[in-house]
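Structure assessment
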Amino acid sequence: MTCGLAAFDEAAGECRAVCECAWASRGGDCGERYRAVADAVLSWAAENRDAARFLFVVTERTSEPVLLARLSAFKRSVAELFDPSAKYTPAGRIHVEFLVGLFFRVVAEALGGEVSTAALRREVLSLSLFLSGCSTRLAE
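Note that the structure is predicted; figures quoted are calculated from it, not measured.

On to helix α2 (residues 30-47), then. With 18 residues, α2 should cover 26 Å at 1.5 Å per step; its first-to-last C-alpha distance of 25 Å lies within 8% of that length. Summarising burial for α2: 13 of the 18 residues are buried, a large majority.

One finds Tyr34, Leu55, Phe56, Phe103 and Val124 to be the most contacted residues of the largest nonpolar core, which totals 43 residues. Contributions of two or more residues to this core are made by α1 (2-24), α2, α3 (49-61), α4 (65-82), α5 (90-112) and α6 (117-126). No other element matches the 10 residues that α5 contributes to this core.

Before going further, it helps to examine the environment of Ala51. Mapped onto the secondary structure, Ala51 falls in helix α3. Given a relative accessible area of 24%, Ala51 falls into the partly exposed group. Along the chain, Ala51 and Ala12 lie 39 residues apart, while their C-alpha atoms are 8.7 Å from each other. Not counting residues up to four positions away in its chain, the partners in contact with Ala51 are Ala11 and Trp44.

The rules we used
Residues numbered from 1 in each chain as written. Predicted model: local features only at pLDDT ≥ 70, side-chain atom pairs only at ≥ 80, totals over all residues. Heavy atoms only, no water. Helix = DSSP H or I, 4+ residues; strand = E, 2+ residues; numbered from the N terminus. Expected span 1.5 Å × (residues − 1). Buried < 20%, exposed > 50% of the residue type's maximum accessible area, 1.4 Å probe, protein only. Core = buried A, V, L, I, M, F, W, Y, C linked by side-chain atoms within 4.5 Å. Contact = heavy atoms within 4.5 Å.

So this is what it looks like as structure tokens:
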């Protein structure tokens, strides 16, 4: 179990760093930031397929409580990129967590099967419909 936790922590740390870098590279528009994060995660997943499969697929299917707790904490940490100052209402916070959960689900399903990178990108960017308050809609 210790090896699994270490592998998770490494993959989650790498993916989180990619998300933070992409988030910081854009201006205040959440649509642009979402696109940057999505593209960065997809690039990371393509370059680190085994780590991404472990992070997005294996941990979702595990029954190990410690690993599930770490996955939940990782998802919350990604959601905090959208809401770092806790300025959202509880409903808004749930909305952001829902978007991050959908993002994880789409990537997990794609990594679990044979889906092209272009198809995966379309699916992930289609989640932009759930972004509220963005000044622009994401284009493909």
